[in-house]
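# Working through the structure, step by step
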Amino acid sequence: PALAVGAPRAHNNAGAVYLLILDDADWSARSATELSSSSRSAAALDLEGHPSSANAQSQLGDSFGATMAPLGDVDGNGVPDLAVGAPGDDDGAADAGAVHVLLLGAGGSGGAIGVLSHAKLSTSTIAGAPAPLSGGLFGLGLSALGDVNGDRVVELVVGRSEFKDERGEIAF
């Protein structure tokens, strides 16, 4: 069994997700992989497309790992994939938020799981999505619905907040 644990306040609120492989007998962690922009392991993610020296600083306050949704095995490699919210991401506006789709794969010692590839989704990168909103916190709510329309693609519901009039919104 495997377990994903979000730690949105790790690394000065940049955030992290820990992927744990659990022992079948006593549920202790056999291995743990940290996924974050500031991890020094091979699993370090460049969540913004910045050079690694600038990347850790650019992530402060992103809260990567604040929300997560299991996607099932999207890429067909036998390892479940994961959507991770980063509601404090500054893509398009301050704290506009983002969601990262992580395609995972097995490998390494102890059956460790790592990221094979990932895609960043935000209101500034998705056609037809609401405009980026400062303080919008896209990714504050996150849920995978499964394949609702039969196109063999998992649908994802993403929520965001709006501080101006204290109302929430399902972004898409």
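Heads up: the structure comes first, above all this text.
Structural notes, computed from the coordinates. Residue indices begin from 1 for each chain and proceed along its sequence in written order. A pLDDT threshold of at least 70 governs which residues receive local features in this predicted model, and a stricter bar of 80 or more applies before side-chain atom pairs are shown or counted, although totals over entire chains, interfaces and linings include all residues. Note that water and hydrogens are dropped before the side-chain values are worked out from all heavy atoms of the structure.

## Side note on the sheet that holds strand β3 (residues 29-35)
Being paired, for any two strands, means DSSP has found at least two bridges between them. Secondary structure elements are taken from DSSP: a helix is a run of H or I of four residues or more, a strand is a run of E of two residues or more, and numbering for both begins at the N terminus. Pairing is antiparallel in the open sheet, where three strands are placed in the order β1-β2-β3. Of all strands in the sheet, those bounded by a partner on one side alone are β1 (2-7) and β3. The sheet shows a mean angle of 20° between the axes of neighbouring strands, taken without regard to direction. When strand β2 (residues 16-22) meets β3, the two strands line up antiparallel, connected through six bridges. Bridge assignment links Val 17 to a residue of β3, and that residue is Leu 35. For every element, the axis is a line fit to its C-alpha atoms; helices are fit only across the contacting stretch, and the angle between N-to-C directions ranges from 0 to 180 degrees.

## Digging into the sheet that holds strand β4 (residues 67-72)
Strand order in the open sheet formed by four strands is β4-β5-β6-β7, and the pairing between neighbours is antiparallel. Either end of the sheet is taken by a strand with one partner, and the two such strands are β4 and β7 (113-121). Across the sheet, the mean angle from the axis of one strand to that of its neighbour is 25°, orientation sign disregarded. The pairing of β4 with strand β5 (residues 81-86) spans five bridges and is classified as antiparallel. Bridged to Met 68 within β5 is Val 84.

## As for the environment of Asp 23
Summarising the element assignment, Asp 23 is placed in the loop between β2 and β3. Considering only alpha carbons, one finds Asp 23 and Ala 2, 21 residues apart in sequence, at a separation of 8.9 Å. Contacts are assigned to residue pairs that have any heavy atoms within 4.5 Å of one another. If we skip the residues at most four places from it in the chain, Asp 23 touches Ser 28 and Arg 30.

## Considerations on unusual backbone geometry
Despite not being glycine, Ser 63 has its phi angle at roughly 60°, a positive value. Tracing the backbone through its elements, the reader meets Ser 63 in the loop between α2 (52-58) and β4. In this structure, Asp 95 is a non-glycine residue whose phi angle is positive, near 55°. Mapped onto the secondary structure, Asp 95 falls in the loop between β5 and β6 (98-106).

Interpretation note: all reported values are geometric properties and have no functional meaning in isolation.
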